[in-house]
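Structural characterization, general
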Amino acid sequence: MVIAFFYYYAMIRSICVRITTLLGVEYIENAEECIMLFDKEKCMQDIMKLSGIREQKVRDIVEYFINRGNANFLEFPLFEVENKLITIPSLIMVNDWQFPMSCYFFPADLQRGREYPKKWQS
């Protein structure tokens, strides 16, 4: 459900960008429209409210997807700046989520040095 939340917003944002472009606005003029910006706490509250998933689990999943200097933008598509989550639609929409979801099953030494919560490593 956490991924679905971001995917839904990415899809809506992508459609808005296409509509704006069809109206004759140049891509460079609507660059700001391409960025998805969420207040981190409100975003997590919205996910909890919509999904019924408990708070700690939502926090763990969102924290996992935050890029902390990793070069792999597809695995870690969210950036945190001043308690805001920032991404672009393509980082969410083109992702197959295969590796991030399989992290539950890989031993810690196969997880390419990423620190996962201990409960995910079982």
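Everything numeric here is computed off the predicted structure, so don't read it as measured data.

1. What to know about the packing of helix α2 (residues 40-51) against helix α3 (residues 55-65)
Contact pair α2 / α3: the axes reach a minimum separation of 10 Å and the direction vectors enclose 125°. Accordingly, the angle class assigned to the pair α2 and α3 is oblique. Considering how the two elements wind past one another, α2 and α3 form a crossing that is right-handed. Contacts between α2 and α3 involve Lys40, Glu41, Met44, Gln45, Ile47 and Met48 on the former and, on the latter, Glu55, Val58, Arg59, Val62 and Glu63. Taken together, the residues that form the contact of α2 with α3 break down as 5 nonpolar, 1 polar and 5 charged.

2. Comments concerning the packing of aromatic side chains
Applying the stated criterion to the full structure yields 8 aromatic pairs. Between tyrosine 64 and phenylalanine 65, the aromatic rings sit 5.1 Å apart at their centres with planes inclined by 75°, giving edge-to-face as the arrangement. Look at tyrosine 64 and you get buried, because its relative accessible area is 4%. The buried category is assigned to phenylalanine 65, whose relative accessible area is 4%. Ring pairs connect the aromatic residues Phe5, Phe6, Tyr8, Tyr9 and Phe38, which therefore count as one cluster.

3. With respect to the confidence of the model for the protein
Mean pLDDT for the protein: 77, with 71% of residues reaching 70 or above. α2 holds the highest mean pLDDT among the elements of the protein, 94, whereas helix α5 (residues 98-102) holds the lowest, 52.

Rules of the game
Residues numbered from 1 in each chain as written. Predicted model: local features only at pLDDT ≥ 70, side-chain atom pairs only at ≥ 80, totals over all residues. Heavy atoms only, no water. Axes fitted to C-alpha atoms, helices over the stretch in contact; angles between N-to-C directions. Helix = DSSP H or I, 4+ residues; strand = E, 2+ residues; numbered from the N terminus. Parallel < 35°, antiparallel > 145°, perpendicular 65-115°, else oblique. Left-handed = near helix turned anticlockwise from the far one by under 90°. Contact = heavy atoms within 4.5 Å. Nonpolar A, V, L, I, M, F, W, Y, C, P; charged D, E, K, R; others polar. Phe/Tyr/Trp six-rings, centres within 6.5 Å; stacked < 30°, edge-to-face > 60°. Buried < 20%, exposed > 50% of the residue type's maximum accessible area, 1.4 Å probe, protein only. pLDDT = per-residue confidence, 0-100.

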